[in-house]
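Summary of structural features
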Amino acid sequence: MFPFKSILDFNVIIKEEHEVFRRTVREFADKELEPRVKEIEEKNQIPDDLIERARELGFPGIGIPQEYGGQGGGALELVILIEELSRVCPAFAIVFGVNHLFTTPVLLFGNEEQKKKYIPPVAKGEVFAAHANTEPVAGSDVAGIQTTAKKDGNYWILNGRKIFITGAEKAQYFVVSARTSPPPSKRERWKGLSFFIVERDYPGFKIGSRINVIGLRGEQPYEIILDNVKVPEENLLGKEGEGFKIAVTTYDHGRLGIAAQALGIIQAVFEKSLNYSLQRYAFEKPIISFEGVAFKIADILTELEACRLLTYWAATLADKNSPEYLLAASMAKMYTTEIAEKASSLAIKIHGGYGVDKETGIERYLRDSLITTIYEGTNEIQRITLIRMLIKNIFGTTIDII
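A few words now on the packing of aromatic side chains. Counted under the stated rule, the structure contains 15 aromatic pairs. Here Phe4 and Phe10 contribute two aromatic rings whose centre-to-centre distance is 5.3 Å and whose plane-to-plane angle is 65°, an arrangement assigned as edge-to-face. Centroid distance Trp190 to Phe244: 6.2 Å. Interplanar angle 50°. Geometry classified as tilted. Separated by 54 residues along the polypeptide, Trp190 in the loop between strand E4 (171–179) and strand E5 (193–199) and Phe244 in helix H8 (residues 243–279) bring together distant segments of the chain. The class for Trp190 is partly exposed, based on a relative accessible area of 40%. The exposure class assigned to Phe244 is partly exposed, which follows from its relative accessible area of 27%. Taken together through their ring pairs, the aromatic side chains of Phe28, Phe59, Phe92, Phe96 and Phe128 make up a single cluster. The ring of Tyr155 has Lys230 sitting right over it, with the charged end atom 4.4 Å from the ring centre.

Given below as structure tokens:
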């Protein structure tokens, strides 16, 4: 069973209310979101009325405690939400998923005043929020952050540049990383980082250019420029110098949402490939009659269910506050996103020429799946994380992996 302690760790807890919730999300996705996907792809923008409808259904508050204005529920509910939305439009799922990269660190490290001020508006869908950490020279290498924060009386003055910030266009609140002191040594580069809660209308805070990535059209990332931004000292999140811990803890929780996003993609390409192979004829037979197609569909189905079990299992461990959740979440993110890329590629081949035709909407799943393998910690980082945790379980200490 190593590195897990018991076969009981592999219990997946799903209740009837989970299925009721899933049906609610799927009904919205099929009836209201699906007819607008082509519009989203062409305009590269999510329609406001769809966001408002999702707000009415309570989607922004899923996974946020009721005491802070949320709908309650845990990691599994959030996984189901993101999976079902991603099955139709992965970009739409990000609109609400990215909020948790703000609410998670505030809930885990913020003081009560910060929680009561900033969480309820996000949970109710009144405002959006985002997480600004990545820089031109620092993404997976969180310790390489170069944005600075210097104390000036009752304020912190932030200067720097962030890129690939998802949700920045809509967000009113941001958690922003900055270096409040230089690292004491090269071996302790992670020290001296802090996080701040920054509001969009603070002087010096600017939304820069949009970064037109190949996938997730409708929710493209942006650049953020911090030019002598004055942040009140009470907006320091957690303790000064605790930023590295805040970042990695947030990503420990956030990567499960990316696994759910990839899971929705796999479900979508499976359904579309199966339907097409039953309807498309070649040589007077449905193409599912041919081994080259049938085996591809069998492979997608098998790996789809393996990914679902892995992702739901990780979510169950998260809801139980099990320390093994960290291992499971990294495995779920790494494996499911790679299968999403593989399944999307197979779906294109099953559809032949129609697979690369934008009108059919198959090729967009491949574009979207590629991004899931990169953000929220590249899959190479997930592998490093897994090995470090494995070695730590054996020897009580970790090792450097280059």
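Picking up after the structure, the text goes on.
Let us look at the packing of helix H3 (residues 48–56) against helix H5 (residues 90–97). At a minimum axis distance of 12 Å, the contact between H3 and H5 shows a crossing angle of 55°. As summarised for this structure, H3 and H5 are arranged oblique, according to the angle between their axes. Once H3 is placed against H5, the crossing between them reads as right-handed. Along the contact surface, H3 presents Leu50, Ile51 and Ala54, while H5 presents Phe92, Val95 and Phe96. In terms of residue class, the contact of H3 with H5 is made up of six nonpolar, no polar and no charged.

Relative to strand E3 (residues 155–165), strand E2 (residues 148–152) runs antiparallel, the two being bridged by five bridges. For Lys151, the partnering residue across the bridge sits in E3 and is Trp156. Once E2 ends, the chain turns through two residues before running back antiparallel as E3, passing Gly153 with a positive phi of about 65°. As paired elements, E3 and strand E7 (residues 222–232) share eight bridges and run antiparallel to each other. Across the sheet, residue Ile157 finds its bridge partner in E7, namely Lys230.

Together, Met1, Ile7, Leu8 and Phe10 make up an exposed nonpolar region whose accessible area comes to about 450 Å². Within the secondary structure, Ile7 is located in the segment before helix H1 (16–33). For Ile7, a relative accessible area of 61% corresponds to the exposed category.

This next bit is on the environment of Arg217. If you trace the backbone, Arg217 turns up in the loop between strand E6 (205–210) and E7. You can call Arg217 partly exposed: its relative accessible area is 25%. Excluding residues that lie within four positions of it along the chain, Arg217 makes contacts with Ile40, Glu41, Glu42, Asn44, Ala91 and Arg367. A polar contact is formed between the side chain of Arg217 and the backbone oxygen of Glu41, at a distance of 2.7 Å.

Our next topic: helix H9 (residues 291–319). For H9, which comprises 29 residues, the first-to-last C-alpha distance of 42 Å matches the rise-based estimate of 42 Å (1.5 Å per residue) to within 8%. One or two residues past the end of H9 sits Asn321, with phi positive at roughly 55°.

Attention shifts here to empty space enclosed by the protein. For the structure shown, the criterion picks out one cavity of 30 Å³ or more. What the largest cavity holds in volume is close to 40 Å³. What lines the largest cavity is simply Ile94, Val95, Val98, Phe128, Ala129, Gly167, Lys170 and Glu219. If you list the elements that add at least two residues to the lining of the largest cavity, you get H5 and strand E1 (128–132).

The next point concerns the side chain of Asp9. Examined against the element boundaries, Asp9 turns out to sit in the segment before H1. Of the side chains with opposite charge, Lys320 lies nearest to the buried Asp9, which makes no salt bridge, at 5.2 Å. Ignoring sequence-local partners within four residues, the contact set of Asp9 consists of Phe4, Trp313 and Leu317.

As a working rule, side chains carrying opposite charge can pair if their charged atoms are close by. All told, the structure shown has 31 salt bridges when counted by the stated rule. Among the ionic pairs, Lys5 bridges to Glu324, the shortest N-O distance being 2.8 Å. With a gap of 319 residues between them, Lys5 in the segment before H1 and Glu324 in the loop between H9 and helix H10 (325–351) connect regions that are remote in the sequence. Glu188 is the partner of Lys191 in a salt bridge, and the nearest nitrogen-oxygen pair spans 2.8 Å. Given the relative accessible area of 26%, Glu188 is considered partly exposed. Several salt bridges converge on common partners, so that one network encompasses Glu19, Arg22, Arg23, Arg26, Asp30, Glu84, Arg87 and Glu271.

Calculation notes
Residues numbered from 1 in each chain as written. Predicted model: local features only at pLDDT ≥ 70, side-chain atom pairs only at ≥ 80, totals over all residues. Heavy atoms only, no water. Phe/Tyr/Trp six-rings, centres within 6.5 Å; stacked < 30°, edge-to-face > 60°. Helix = DSSP H or I, 4+ residues; strand = E, 2+ residues; numbered from the N terminus. Buried < 20%, exposed > 50% of the residue type's maximum accessible area, 1.4 Å probe, protein only. Lys NZ or Arg CZ within 6 Å of the ring centre and 35° of its normal. Axes fitted to C-alpha atoms, helices over the stretch in contact; angles between N-to-C directions. Parallel < 35°, antiparallel > 145°, perpendicular 65-115°, else oblique. Left-handed = near helix turned anticlockwise from the far one by under 90°. Contact = heavy atoms within 4.5 Å. Nonpolar A, V, L, I, M, F, W, Y, C, P; charged D, E, K, R; others polar. Pairing = 2+ DSSP bridges. Patch = residues over 30% accessible without salt bridge, like charges linked within 9 Å, V, L, I, M, F, W, Y side chains within 5 Å. Areas by Shrake-Rupley, 256 points an atom, 1.4 Å probe, with all protein chains shown as cover. Salt bridge = Lys/Arg side-chain N within 4 Å of Asp/Glu carboxyl O. Polar contact = N/O pair within 3.5 Å; in protein donor to acceptor, adjacent residues only side chain to side chain. Expected span 1.5 Å × (residues − 1). 1 Å grid on protein atoms, 1.4 Å probe; cavity = no way out; pocket = protein on both sides within 12 Å on 5 of 7 lines; lining within 4 Å. Points joined across faces, edges and corners; volume = space filled by probe spheres on them. Lys, Arg positive; Asp, Glu negative; His and termini not counted.

Geometric values such as these leave the question of function open.
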